[in-house]
Structures are given as structure tokens and as C-alpha cells.
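Structural characterization, general
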Amino acid sequence: MTATISDTGSVTNTKSTEGNRLRVAGKLWQAGGPLVIFIAMFAVVAILTPAFIGSGGITIVAASAAPILLVALGQAFVLNIGSIDLSNAAITVLGAILLAMLLGPLAIAAPIVVLVLVTLFGAVNGFLLAYTQVPSFALTLGTLGIFKAASLVVSGATTVYVSQNKEVVSPLYTTQLAGLPLTFVLGVVVAAIAYLFLRFTRAGMGMTAIGKNESGAIFSAVRTRALKITAFALSGFMAGLAGMTIIAQAGSASAMGLGSDLLLPAIAAAIVGGTSISGGVTNPLNVILGALTIALVPIATAAIGVAAEAQNLVYGVVIIVVVALTLTRSRTAIVK
Amino acid sequence: MAPTQTSESAANVKVDTAAIRAREQVTARRVMFAGSGEPLALIGAMVVLIVIFSILNPRFATIENLQNVLNQASLPLIIGLGATLVILIGSIDLSVEGVMGASGVAFVLLSANSRGGHDTGLWAWILPLVLAAALGATSGLIYTMLRVPSFIVTLGMWFVGFGIATILYGTDAYPELTDDTVTLWVAKITLGLPNGFWVAAILTVLMALVIRFTRFGRVALAMGNNEEIARSNGMPIVRNKVFIFIVAGLFSGLAGILATMQMGGTSNHIGDGYLFITIPAVVIGGTSLGGGKGGVFRTAIGVLLLTILNNGLVLAGVSPSYQSAVSGAILVVAIVAAAWPQRGRLRIAK
Amino acid sequence: MTKAKEATTPVLRLTDVKKSFGSVHALKGISLEIHRGEVIGLIGENGAGKSTLLKILTGIYQPDKGTIAVNGSTVKFRNPRDSAASGIGVVHQEQSLFTNLTVAENIAMNGAASKGYGTTLGFYRWGKLNKAAASTLEIIGSKLNPKTRVGDLSFVDRQMVEIARAISVDTSKNATPLVILDEPTSLLERGETAILEREIRKLKDFGSVIFVSHRLDEIIRNCDRILVMRHGELVADRVTTSVTEDELFKLMVGHESHATAHERRARPANEVPAIEVTGLTRKGKFKNVSLSVHSGRVTAIVGTSGSGREEFSRAIFGAEKFDGGTIVLNGQPARGWRIPKAVKRGMGFVPAERKVEGMVGGFSAAENIVLTHPGDAAIGPILLPWKRNKIAQRWFSTLDVRPNDISQNLERFSGGNQQKVVMAKWLNDPELRVLVLDHPLRGLDPGAAETVNEQIKEACKKGTAVILLADTLEEALEMGDDVVVMRDGVISATYDLSVDNPSTLDLLERMV
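Residues numbered from 1 in each chain as written. Chains lettered and ligands numbered in written order. Predicted model: local features only at pLDDT ≥ 70, side-chain atom pairs only at ≥ 80, totals over all residues.

Comments concerning the nonpolar core
Stated precisely, the cut-off is as follows: To define a nonpolar core, we join buried Ala, Val, Leu, Ile, Met, Phe, Trp, Tyr and Cys residues through C-beta atoms within 7 Å and take the resulting set. Partly exposed residues are those whose C-beta has more than 12 but fewer than 20 other C-beta atoms within 10 Å; with 20 or more the residue is buried, with 12 or fewer it is exposed, and the C-beta atoms are placed from the backbone. Residues are treated as contacting if the C-beta atoms built from their backbones sit within 7 Å of each other.
Of all hydrophobic cores here, the largest spans 367 residues; its most connected members are Ile68(A), Leu69(A), Ala72(A), Leu73(A), Ala269(A), Ala291(A) and Phe211(C). When near neighbours in sequence (up to four residues on either side) are disregarded, Ile68(A) contacts Leu262(A), Pro265(A), Ala266(A), Ala269(A), Ala291(A), Ile294(A) and Ala295(A).

Let's talk about the pairing of strand 2 (residues 24-34) of chain C
All names here are of chain C. How we decide: Pairing between two strands is assigned when DSSP locates at least 2 bridges connecting them. Each helix is a run of H or I in the DSSP string that is no shorter than four residues. Each strand is a run of E no shorter than two, and both are numbered from the N terminus.
Pairing of strand 1 (residues 12-21) with strand 2 involves 8 bridges; the strand directions are antiparallel. Bridge pairing links Leu12 to Ile34 in strand 2. In this antiparallel pair of consecutive strands, strand 1 and strand 2, the connection spans 2 residues, and Gly22 shows a positive phi of 60 degrees.

Things to note about the sheet that holds strand 17 (residues 332-333) of chain C
All names here are of chain C. Put simply, the rule reads: Helix axes are fitted to C-alpha atoms over the stretch in contact, other axes to C-alpha atoms as well, and angles between N-to-C directions run from 0 to 180 degrees.
With antiparallel pairing, 4 strands are arranged side by side in an open sheet as 14-13-16-17. Both outer strands of the open sheet, strand 14 (286-293) and strand 17, are each paired with one neighbouring strand and no more. Bridge count between strand 16 (residues 324-329) and strand 17: 2 bridges; the pairing is antiparallel. Within strand 17, the residue paired with Val328 across the bridge is Pro333. Helix-sheet contacts for helix 11 (residues 309-317) involve strand 13 (275-282), strand 14 and strand 16, and the interaxial angle to strand 13 is about 120 degrees.

As for the interface of chain B and chain A
Contacts between chain B and chain A engage 48 residues on the former and 45 residues on the latter. Of all the elements in the fold, those that place two or more residues in the side of chain B that touches chain A are helix 6 (150-169), helix 10 (227-232), helix 12 (275-285) and helix 14 (320-339) of chain B. No other element matches the 15 residues that helix 6 of chain B contributes to the side of chain B that touches chain A.

Points about the sheet that holds strand 3 (residues 39-44) of chain C
The strands making up a sheet associate through backbone hydrogen bonding, with each pair oriented either parallel or antiparallel. Residues and elements named next belong to chain C. The 6 strands are arranged 6-9-10-3-11-12 in an open sheet whose pairing can be described as mixed. One side of each edge strand has no neighbouring strand; the edge strands of this open sheet are strand 6 (88-91) and strand 12 (233-239). In this sheet, adjacent strand axes meet at a mean angle of 20 degrees when their direction is disregarded. Sheet topology note: the strand 6/strand 9 (residues 178-182) ladder contains 4 bridges and is parallel. Bridge pairing in strand 9 links Val91 to Leu181. Contacting strand 3, strand 11 (225-230) and strand 12, helix 10 (residues 245-253) crosses the sheet at an angle of about 30 degrees to strand 11.

Quick notes on the environment of Ala200(B)
Residue and element names in this part refer to chain B. When you line up the elements, Ala200 lands in helix 8 (residues 195-213). Classification of Ala200 as buried rests on a count of 29 C-beta atoms within 10 Å. Each C-alpha atom of the pair Ala200 and Ser321 lies 29 Å from the other, and the pair is 121 residues apart in sequence. If sequence neighbours within four positions are ignored, Ala200 has contacts with Ser74, Leu77 and Ile78.

Here's the deal with the environment of Val247(B)
All names here are of chain B. Note on placement: Val247 falls in helix 11 (residues 237-263). Judged by the 21 C-beta atoms lying within 10 Å of it, Val247 is buried. Taking the C-alpha atoms as reference points, Val247 and Ala281, 34 residues apart in sequence, are found 19 Å from one another. Once residues lying within four places of it in the same chain are set aside, the contact partners of Val247 are Gly82 and Leu85.

Section: helix 12 of chain B
Among the 11 residues of helix 12 of chain B, 11 are classified as buried, and the element is accordingly described as predominantly covered. Buried within helix 12 of chain B we find Leu275(B), Phe276(B), Ile277(B), Thr278(B), Ile279(B), Pro280(B), Ala281(B), Val282(B), Val283(B), Ile284(B) and Gly285(B). At its buried positions, helix 12 of chain B is contacted by helix 6 (136-155) of chain A together with helix 3 (63-88), helix 4 (96-109), helix 13 (296-315) and helix 14 of chain B. At the C-terminal side of helix 12 of chain B, Gly286(B) shows a positive phi close to 110 degrees.

What to know about helix 11 (residues 224-250) of chain A
Residue and element names in this part refer to chain A. Basically, it comes down to this: By this rule the span expected of a helix is its residue count minus one, scaled by 1.5 Å.
With 27 residues, helix 11 extends 39 Å from end C-alpha to end C-alpha; this agrees with the ideal 39 Å at 1.5 Å per step. Counting buried residues along helix 11, 24 of its 27 residues qualify, which places the element largely inside the surrounding structure. A positive backbone phi angle near 70 degrees is found at Gly251, which sits one or two residues after helix 11.

Comments concerning the packing of helix 3 of chain B against helix 12 of chain B
Residue and element names in this part refer to chain B. Note the threshold: Any angle that falls under 35 degrees is termed roughly parallel, while one over 145 is termed roughly antiparallel, one within 65 to 115 roughly perpendicular, and all others oblique. Handedness of a helix crossing follows the sense of rotation of the near helix relative to the far helix, less than a right angle counterclockwise being left-handed and clockwise being right-handed. Three classes are used, and their members are as follows: Ala, Val, Leu, Ile, Met, Phe, Trp, Tyr, Cys and Pro are nonpolar, Asp, Glu, Lys and Arg are charged, and the others, Gly among them, are polar.
One can describe the packing of helix 3 onto helix 12 by two numbers: an axis separation of 9 Å at closest approach and a directional angle of 60 degrees. Taken together, the axes of helix 3 and helix 12 lie oblique to each other. For the pair helix 3 and helix 12, the crossing hand works out as right-handed. Contacts between helix 3 and helix 12 pair Pro76, Ile79, Gly80, Ala83, Thr84 and Ile87 from the former with Ile277, Thr278, Ile279, Ala281 and Val282 from the latter. The residue makeup of the contact of helix 3 with helix 12, split by class, is 8 nonpolar, 3 polar and no charged.

A closer look at the pairing of strand 12 of chain C
Residue and element names in this part refer to chain C. Bridge count between strand 11 and strand 12: 6 bridges; the pairing is antiparallel. Paired with Ile226 across the strands is Arg238, a residue of strand 12. The antiparallel pairing of strand 11 with strand 12 creates a hairpin that spans 2 residues between the two strands, and His231 there sits at a positive phi of about 50 degrees.

A word on the packing of helix 12 (residues 263-272) of chain A against helix 13 (residues 284-304) of chain A
Residue and element names in this part refer to chain A. Running from N to C, helix 12 and helix 13 point in directions that differ by 130 degrees, and their axes come no closer than 7 Å. Taken together, the axes of helix 12 and helix 13 lie oblique to each other. Here the hand of the crossing between helix 12 and helix 13 comes out right-handed. Where helix 12 abuts helix 13, its residues Pro265, Ala268, Ala269, Ala270 and Val272 lie against Val287, Gly290, Ala291, Thr293 and Ile294.

A closer look at the confidence of the model for chain B
All names here are of chain B. Which entries qualify depends on this criterion: Each residue carries a pLDDT score, the predictor's confidence in it, ranging from 0 to 100.
On average, residues of chain B carry a pLDDT of 83, and 89% of them reach 70 or more. Here residues 1-17 is a poorly scored stretch, pLDDT under 50, and it has 23 contacts once near neighbours within four places are set aside; other chains count. pLDDT under 50 marks residues 30-34. Its contacts with residues more than four places away, or in other chains, come to 5 contacts. Interface predicted TM-score (ipTM) for the complex: 0.87; the corresponding pTM is 0.86.

Quick look at unusual backbone geometry
All names here are of chain C. Arg402 connects to Pro403 through a cis peptide bond whose omega is 0 degrees. Along the chain, Pro403 falls in the loop between helix 15 (385-399) and helix 16 (415-427). Phi at Asp16 takes a positive value of approximately 50 degrees, unusual for a residue other than glycine. Position of Asp16 relative to the elements: it lies in strand 1. Of note in this structure, Asn288 is not a glycine but carries a positive phi near 55 degrees. When you line up the elements, Asn288 lands in strand 14. Residue Asn288 is classed as partly exposed on the basis of its 13 C-beta neighbours within 10 Å.

The structure is reproduced here in C-alpha cells:
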């Protein structure tokens, strides 16, 4: 039963005060839910495995969460405009490989060049989407294949090692701030900037408007095409940052190695962090918690001592349960 | 009954009816040919590809290779039937590979295999399929009852299914099927076509009939078009959705069993890679991801197209590294071509 | 005995029906009777209780007190299927057809009718289904092919299918169909309403009709009796021949109409027009359309659907393309015309589809108001929420938007208040040169409509040029300084209302 408010202001809905209370509760959960879930999970692990915190468990989780977080933030921007980017994890891998190859010859210029390139890759996705008006799922499924192949070809289907100048990026991983590797801190900073961008700039509001009602946004003179390209470009950019964290951590990159399976965890992290899959709702700060939660699961199951064969099973169950809990549901919305 | 301006309304009725009737006839004519454009274009593309690949490698156009192509197309087609049904209601099923793994491993362990298992006869079919249906039902129930988007539920079930496969597989050696008749059945040629393909073809026709002639199928189409209207019409939404996911699970399970038979054994990874073949095939075939439009014959065309493509690329000597690029590029081109005529300033595509 | 009973037993009788939601009394005791062959008009402002009454009749709500009797027997509708089984069919404002299915299938989807309507044990018998649909369509005089896909039909044809669906009740029960038409004409153009009115006359032979509408002239034209609701009560039950539109307005709203006469300015001689369109053409939609509007004047464009006026108005806003012709805004030509550019040059557009195009429902009212022209609420790209709220609050009091909560999501407001917010969004531009309004009063009850019209006049006073696609001819003649008539994509007549004095009949003749 939806409330209808007549022109004279009287509300014809029995559950008006009850509805208001539910709405407030829903908003609170939307804001704080992911935090509660993460603390709960962390507490469970800490109780079952007290040694976890002592032996640097937090650091391990944060290091593992960093690339997931960055890719998830990029995905959150795209989900926010109502689309999806299935190719950004592949861009991460490609970016990492390119960085590994270019660090030697280009030193400090290498990260900059790679970041420009990955942003361009993302922009191409956005450009195709905005100008040909094709569904993003199918489009990025296609570009995913292209980027994957590019990774294989460029790397010659082997692992690419950084030959020289590793020091340009490795401090990101080796330096720690309050026990958290800089890679993770980088993710947090990016999340904070993303939050401010979405809430306090016209472009950010415009993106959210596209996600909530694109037709309404178009007729309100929101520059939808430019913003769509921007969202995908940002997704590419953050994928590139994620690639940097991989090089910082491993010193090498391959199409099959570290970071090659970030897509699904990153999407899950964005959604656990409260991002709506239909668009118009996201909170980058909560995506931080989403990434931590998703990163925590495999580490926690190993630490607790769950048998290796059962880890996938646990991972799947946890994802479903956590999302089922954190999802904000509107009573009348259609879930697809 | 007091129409205040009789002359006005009478004149209107006469003139307007004529104009509107005329428009009706134009619509009727246009309607007859609408909707047949896309599949024809795809079949045309297939023909073009066949010609190109035959030129690149004469071995492509042999009967043997044709049977090979149909064999390769069988499993994606079977999975595609379930996927089409799910996509018709606007959802998605990512759990395909996990369910395949679970059913496949279950099938091996229940058949005569190198680890010492016995041939349990029909149970080797029934139990894995029940498992697959149960996984599908779980997906469907979580999706409808807890209202978790299908993307997430089936993503989780992918891991769950894969996890079950991993647990069943255990830590022993790779189990091989010891009964050769079983192993060779899928690829065996009966009446000119591989058995596996017969299964796929028969199931395809069956699904097409179900969608066209049963209430279940019609309600699925209605739900995909506008779920809200369907709900307010009192249609059995929840029941139908769960059933659809069960059917999708069954098809994945069946594919897992057949794949295992063909491989002569299995690991929990038997399903790897099928998702990214099936979904593009459905999309290229013309079933809309938003739901309500498409069908199993279109998916069949999409599957055939992609299989011909992959087969041809291999025979033409293209390195495996490039294959995903070519499939990806074809997918992009296909959807751009399909969307191009409908472009407009106000068109919304997500 | 039976014949006499049939004649006097009402098809529907409500006795003292009450319905409350918590402390809100939506229906305070409604009693009414409807006889076979009657067309009853039901009018009332939004919030008067009309929709609650309809929802009780269609089984969505159950009354707290009172009884409902169909054909003399008391009934209880526990759900919509019960209501449909009693012969009550409803055609809603929003279309409720499945566009990917055929006409026949949609007609058969009516819950009560689907059993045995063409399905056997869950299997569809297409031959039977199509025949049944064809016979239902014939009752209302439609010759649509039942095999046509609904998505390919025009709006008017879809309305036919909706009506057919509503009357495809289980005729085996000999139920007398009662068809409820819920604002069926709000989306129809003048020429098309004639078709609908013919259907209504056919339905009289077949059963009874409840006709809900905001258009008082249509109510008077089509109905035998008129029921007026206000604040949950039935305040009047009048035979049509005994009331006038003004009386109905007063009964509905409680006071006389406040509408002020529009001061007509003569067309200025030397001033550069705010917008000048020359020879605008779009293949298949409109051809060679030229008009110019000066600052402070209103040009109303009238025409039926297919006249091209909607496409034209959208084209000059940059929302749709055009193939030829020029647009000149304030003396400056428009090149590469798209919405962001048009808006930057001082244009505004209030679309007909409010929920889909006019606003972003998931945003708050405040966010909607500053979405296009933030004004002080933004420094460059940065938004200042506190300034935004101030601006929104100011508009809320100017336009008397209720309830007075700028942070509420716009989708939760009623249609009239939503439209006020949409107007505010455009009026927030201090340099609004041209405002185009497409059916701005659609779905608004007369009280809210008045407010919107006042705002249009205010905008004129401030110098905005207005292009208005009016819902009715009367509105066009009342609000316009010039009236342009379009037919089949071209202009068929132009009137300067400061010198000409066309009647609605004159306009109609040029429209068809």
C-alpha cells in the first residue's frame, strides 16, 4: 500500500506513521548495515581464532581487500547510473601487465601512462554505450573478451615480471599506516573522494539522476551521454589503480595470476556495500566495508580451519546471506 | 442521455473512424513482417561465416566437421534453453557452471568408475538431476522469497554448486568412467547427427512448444513484459519463477551429466567456461536481457553461430589467445547492429 | 415477475459503505444505486475518496462497514477475482496490457474469464481463443484482428482492447457487466474520445458504466447521472440535464472557480520574438511548421493525435530531431539543437508524461527543483545543500505545495503537487525565455489545475513566452493569445485571439 497525499495535504494511508518509522529504520540500515555486518563477521572470526588479530590478520584482510575495493568503487559508479561493467576486472589485469612491462623503461612515467590508458579503455566502453545505446551487460561482456585476449597477447601468455624500478610502486604495499597497507588506504581515500563527488557535485547528482530515472534526467537537461562516459572512464581508472596495487604486492602480473578473478568479488563487494543493482543508490564509504567483508570470507574460512574443499561452498552461502541482509528493499519495487 | 453537441460528435465519429480504421490496416500489414528481421540477419551471418571458413580451411565444410560442430553446439544449447527461460522473465542465472560441476561429479561417482564405484543404473541419472533441481529451487526461492536480485543469488549458488562438486570430488584421483558405451554415447552418430545434438534438438522443440502453448510459458512471457501487471492480474508469479529456476537447474544438470559422459570422467571444473558461451549466444540470438522478448529458436541460432565461429577459428589456425577477442568483438558488433535502427535521443538502454 | 424485477433491481447497490485507514476516514458512509443501462459519472478532487471507492468495488479493499449488492444479492469481494466474477470490469488509467502478447491473449488474461476461455488443462487453444476474442471485440464494435501484437497497436486501439478485456466476464453466469472507466480520456485526443464515447453508448445496451473523469464537459456529455464526491462523502447525485459545469465545479471543490481572465496583449509590432520557428520539418511527423511567439504571450497549439504537435514541441526543445527548417531564439539561430543547449538558451519543457519524463521520482522535491538550474545552490560544479533547501522552501510556499516537506521523495506527492514542483524547476531559471508545456493539466484535479494555470500566467507576466499544448479546446481558447491548429503534420489554421474569435467548433473543423 503506497501512501497518496492529496492536494490538500491529508494522507490517505493507514500505516502513515508506521510507514514513516519503517522508512527511517530502512534509511538507518542502509547507512549502517554494512558496518554492522562486517563487525559481526570479524567478531565471529576473532572469537573462533583469537590468534587471528594478533598475527596481523587485519593487515592481511586489508591487503586482500585493496584491489577488490578499487574495482568495486569503479563498479559502484557504473551501477549507480544503472549499468554494469563486466570488463573492468579484465582492465585491471591488462593494466597490471602493461605496468609490469613499462616500469623498467619508463620508471615514474609508467604508472601515469598506464592510468591514462585504462581510463581510455573505460571511456571507450562508455562511448559505445552512450552513442550506440546497447545494453551494458552484453557490451561489457564483449569488451571483456577483447581485453582478456589483449592481456594474453601482450603478455605472451606468460607471467610478466617487473624488470626494474619496482620501487616506484612497491611502497604502496610495503608501507603501512596503522597496520593497514597503503594500497588499502589508497582505496579509502578514493572512496571518500567518490562519496563527496556523488553527493556534492552537479555531475555526481546527475549520475545518480540517470540511475533513478534516465528519462527524467534527460528532460531536465542532465548531460547523460557525457556522464555515462565519465562513469565508465572512472571504472577503468579505478581498475588501473587496482592493477597498480597488484604490481605493488606481487611485482609481476599474468593473465591467470593474482587479480585475475576480481570481477565477481568486486560486484559482490559493491552490492554488500549497499549499491543498488538497478541504479541510483550507492554509498562509496559503505563499499569499503563491503570489500572488507568479501575479502574477509576466504581468509576467515581458512583461519577457522574449514576444509579446503568446502571453502567455495561457504563463500557462496556467505555472499547470499550477507547481501540478503544488507539489501534495502522497497516494498513495491520489482526485483529482477 | 443528453449529448450537448450532437452535430459535433456525430461528424467526429464518421470522419475519425475512417482515419483510424485506415491506420489499423497499415499496422496490420506492418505487423505481419515485423520480428522476422533479426533471425534472418543472423542466419545470413552464419552463411557468410561458413563460406569464409570453408575458404580458409577446406576441412571445415566436410560432413565430419559439421557433425563435430553440432556436437560442440549441443551442450551450450541445452544450457541455453534454461538460460533463455530465465532471461525471458528478465532475470539471469549465473550458477550454470557450478550446477554442471555438482551434477557431473555426482554422476561419475554413481556410475562405474575408476575409483571403484558401482553402476547404480538409473540412480546415476536421477540423483544428480534431483540435485540440480534442488539447487535451482534454492536459487528461485531465495530470489522470490527474500527478494535478492537473481544476479547475486545465482552468483552465490555458482560457488555453492561448485563447492558441492569440490566436496563430492574429495581428494582422490580423477575418476574415469569405465563403461565405454556410456562414454561414447554422446558423440555417437545416429541417423546422421550426434546423439547429444538429438537430445538438444528435441528439448529445444519441446521448450518452444511449452512457451507457445502452455499457461506456464505464456505467464513467463507476460511476467517478462510487465511483472507488475502480471501480479495485479493474480498470476502465480512466485510459483512460476521458482519453477523456471528449477527447469534452468535441470538443464544445467543434464548438460553436466552429458559433458561428463563425453569427457569420460570429470572434475569439479567440468562446467568451466560454459557461462560465457551461453549468455552471449542467448543475447546474440535476440532474446532481450530485459525480458519479454525472444525465444529458444533464436537461442539455437545464436549457439550455432558462435559454435561455427569457434570451430572455424580453430580450423583456420587462429591462436587460442585471440579467440575470446573474436567472440567478444562479434558480440559487440551483433548488439550494436541490433540496436542501431532503434537509436533515438530519448531511448533508454542500460 | 422476473422481467419486472430485472428492470427495478439495481445492478449495483451500496448501502452505507464506510472505510477508514487508521484515523483517516476515506469513505464516510456511501450509499448509491446503479441500474442496468445507466452511465454514471463519478467526479471529485484527488483525495475525495474516488479511488478508495473504486478499489472497494474491484475487491482490492474490503469495506469496514456497509454492504454491497450485485443484482440484488449481497456480495463480499475478498479479492479482485471475486469482483471480476461478479461482472465488474475496470479499465484503468495506466494501460495494463502485455505489449509482447496478442490482443486475444490479453483479453483472455482477465482472471475470471481465463477458465475455459480458450485454455484446456493449462494448454492454449489458439483457435478458440482468437474466436472468443473476436466476438468480445464485436460487442464494442471493434474490428481489430485478435492476432495483432498489442505493442504494435495505437493508443486508441489499446484502449479498445482494455475495454474488451474488462467486459470479457464470465457470460455463462449471466452477470450483468458493470464497466468502470477510470479516467479513460485523459490520454485521448478530442477526435479519439468520440470513438470512446461510441463504445460507451454500445456498453449501455450490454450493461452499465461508471465513468470517472476530471473533464466536466465529457461527464456531462456522456453520463445519465453524476455522482460528486468530496471529503469521503457523496455530496450530490444529480441527473445530468439538471446541472451545469460551474455547479459541478462548486460541488466538487467547495468554492467558485478562482480562474482569472487572461489579459490579452496584442501582438507587438517591432519586438524580436522570443522564439521564431520557420519551416520546421520532420519526415513523417510534421512539415513546414512556422510560428513565432513573443515574450509574455501564449501560443496554444491544438490538434488530434497524429497532428504532429507533440513531436513538433519536442523538436523545438531539442528532445527529438528535425530534418529541415530553422529555430531562432531571441534573434540567435539554434544550431546542433539538443536539450542541454536549448535549456542553456533559456527554454523549459514540462512533458506530458510527468512520472516518466517530467521528474526524477526517487529524488527529493528539493533535489528535483535544483536539478536543472541550481542558481545560488551551486558554485560552479559544487552543490550547496543549505542554499538548495532555502530555494526549495521558497518555492513550496509560493506554490503552496503540500505536504510542506522538501526532503520527501517527489514520487510520494500527489500528481498536482508533483506538477507544481516540476513547474518550480523551470521557473527557477531567472532567464526563462520560452516555456513549452505538453498537456500540463493531464490527470490534475480542477483545484490543482487552477494553480498551475496561475503560474503559467505569472510566467507570462515576467516575460516568458509560452507554447501550450492544451488538454482541451476550451483551455486553449482561455489561456492562449494565439491559437495554432495542426492537422496531419501541417498548420491548418492560425488565430490571433485579440482580433479573431473562433469557437471550439471552428477549431474542430480545422483539426480533422
